[in-house]
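One-letter residues, chain by chain:
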Amino acid sequence: LSPDGKTLYVNNTYDDESWWNVDSDKDNWVWAYDVNEDGTVSNGRAKFQLYLTPDVLDRKGKSSSADGMTIDADGNVYVATQIGVQIFSPKTDSLIGIINLPVMPVSCCFGGDNFDELYIVGYTCVFRVKTNVKGLVYPLQ
């Protein structure tokens, strides 16, 4: 969710993969949905285009392998993908940057004493990256 709780972000992990049981028409985007007062969502729209590597583009499948996501206090969206953690700005609808790693990340979240460390999980390891922003913390209900 966005910091104001009004936007739900959903990534599209697989698309057009013959071995996966999902037939999505969403391509490789993070989608945004408005969160209504009653908790339902509406107005689905492509928000951030995920970047793909040539080895993905050259085969039939178009999977970004987008998986875990997190959000910082400024509302920037972090998405674990095949090429690293892609960071997007909702203010400009554009890519801010990519955190490259020696392995494919599968998830990410903020933590640490000040919530200013990004933890990135691969299949066999965990990385910790000190950041200049804090992760978003929702109050417990």
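Residues numbered from 1 in each chain as written. Predicted model: local features only at pLDDT ≥ 70, side-chain atom pairs only at ≥ 80, totals over all residues. Heavy atoms only, no water.

S.K.: Just checking my understanding: could you explain the overall build of the protein chain for this structure?
M.R.: A count of helices and strands for the protein chain gives one helix and 10 strands. In the protein chain, the succession of α and β elements from N to C terminus is β-β-β-α-β-β-β-β-β-β-β. The long-range share in the protein chain, meaning contacts at least 24 apart out of those at least 6 apart in sequence, stands at 39%. If you sum the accessible surface of the protein chain, you get close to 8200 Å²; carbon and sulfur atoms cover 51% of it. (Helix = DSSP H or I, 4+ residues; strand = E, 2+ residues; numbered from the N terminus. Contact = heavy atoms within 4.5 Å. Areas by Shrake-Rupley, 256 points an atom, 1.4 Å probe, with all protein chains shown as cover.)

S.K.: Explain the environment of Asp4 to me, please; I cannot follow it from the model alone.
M.R.: The residue Asp4 is located in the segment before strand E1 (7–11) in this model. Separated by 71 residues in the primary sequence, Asp4 and Gly75 have C-alpha atoms spaced 8.9 Å apart. Separated by 2.9 Å, the side chain of Asp4 and the backbone nitrogen of Lys6 make a polar contact. (Polar contact = N/O pair within 3.5 Å; in protein donor to acceptor, adjacent residues only side chain to side chain.)

S.K.: What is the right way to look at the packing of aromatic side chains in this model?
M.R.: To describe a pair of aromatic rings, one takes the distance between the centres and the angle between the planes. As enumerated under the stated definition, the model contains four aromatic pairs in all. The interplanar angle of 90° and the centroid separation of 5.2 Å between the aromatic rings of Tyr78 and Phe110 together place this pair among those described as edge-to-face. One end of the pair, Tyr78, is in strand E5 (residues 77–81); the other, Phe110, is in strand E8 (residues 105–111), with 32 residues separating them in the sequence. For the pair shown, Tyr78 and Phe110 are each scored as buried. An aromatic cluster of three or more residues is present, and its members are Tyr9, Phe48 and Phe88. (Phe/Tyr/Trp six-rings, centres within 6.5 Å; stacked < 30°, edge-to-face > 60°. Buried < 20%, exposed > 50% of the residue type's maximum accessible area, 1.4 Å probe, protein only.)

S.K.: Sorry, what's going on with the environment of Ser107 here?
M.R.: Inspection of the secondary structure assignment puts Ser107 in strand E8. On the accessibility criterion, Ser107 (29% relative accessible area) is partly exposed. If we ignore the near neighbours within four places in the chain, the residues touching Ser107 are Gly68, Ala80, Tyr119, Ile120 and Val121.

S.K.: Where do I start with the pairing of E5 in this structure?
M.R.: Remember that side chains alternate between the two faces of the sheet whenever the strand is regular. Burial analysis of E5 places five of its five residues in the buried class, the great majority of the element. Every second residue of E5 is oriented toward a common face, with Val77, Val79 and Thr81 on one face and Tyr78 and Ala80 on the other, all of them buried. Between E5 and strand E6 (residues 84–89), which pair antiparallel in sequence order, lie two residues. (Pairing = 2+ DSSP bridges.)

S.K.: Mind showing me how you'd approach the nonpolar core here?
M.R.: Considering soluble globular proteins, one finds that nonpolar side chains tend to be buried as a cluster. If you look at the biggest cluster of nonpolar residues, it comprises 11 residues: Tyr9, Val30, Ala32, Phe48, Leu50, Ala66, Ile71, Val77, Val79, Phe88 and Leu136. If you look at the next biggest cluster of nonpolar residues, it comprises eight residues, including Ile87, Cys108, Leu118 and Ile120. (Core = buried A, V, L, I, M, F, W, Y, C linked by side-chain atoms within 4.5 Å.)

S.K.: Explain the state of the cysteines to me, please; I cannot follow it from the model alone.
M.R.: Think of a disulfide as a covalent bridge from one cysteine sulfur atom to another cysteine sulfur atom. Within the structure shown, the criterion is met by zero disulfides. Cys109 supplies the cysteine sulfur nearest to Cys108, a cysteine that is in no disulfide, at a spacing of 7.4 Å. In this structure Cys108 comes out as buried when scored by relative accessible area, which is 4%. (Disulfide = S-S within 2.5 Å.)

S.K.: Which parts of the structure should I look at to understand the sheet that holds strand E3 (residues 41–49)?
M.R.: Sheet strands associate in pairs through backbone hydrogen bonding, adopting either a parallel or an antiparallel arrangement. In space, the three strands of this open sheet follow the order E1-E2-E3, with antiparallel pairing throughout. Every other strand in the sheet has two partners, leaving E1 and E3 as the edge strands with one partner each. The sheet shows a mean angle of 25° between the axes of neighbouring strands, direction not considered. In this sheet, E3 lies alongside strand E2 (residues 29–35) in antiparallel orientation, the contact comprising six bridges. (Axes fitted to C-alpha atoms, helices over the stretch in contact; angles between N-to-C directions.)

S.K.: Explain the pairing of strand E10 (residues 126–130) to me, please; I cannot follow it from the model alone.
M.R.: Within E10, only zero of the five residues are buried, which leaves the element largely exposed. Relative to E10, strand E9 (residues 117–122) is paired through five bridges, and the arrangement is antiparallel. Residue Ile120 lies in a different strand from E10, and its bridge partner there is Phe127.

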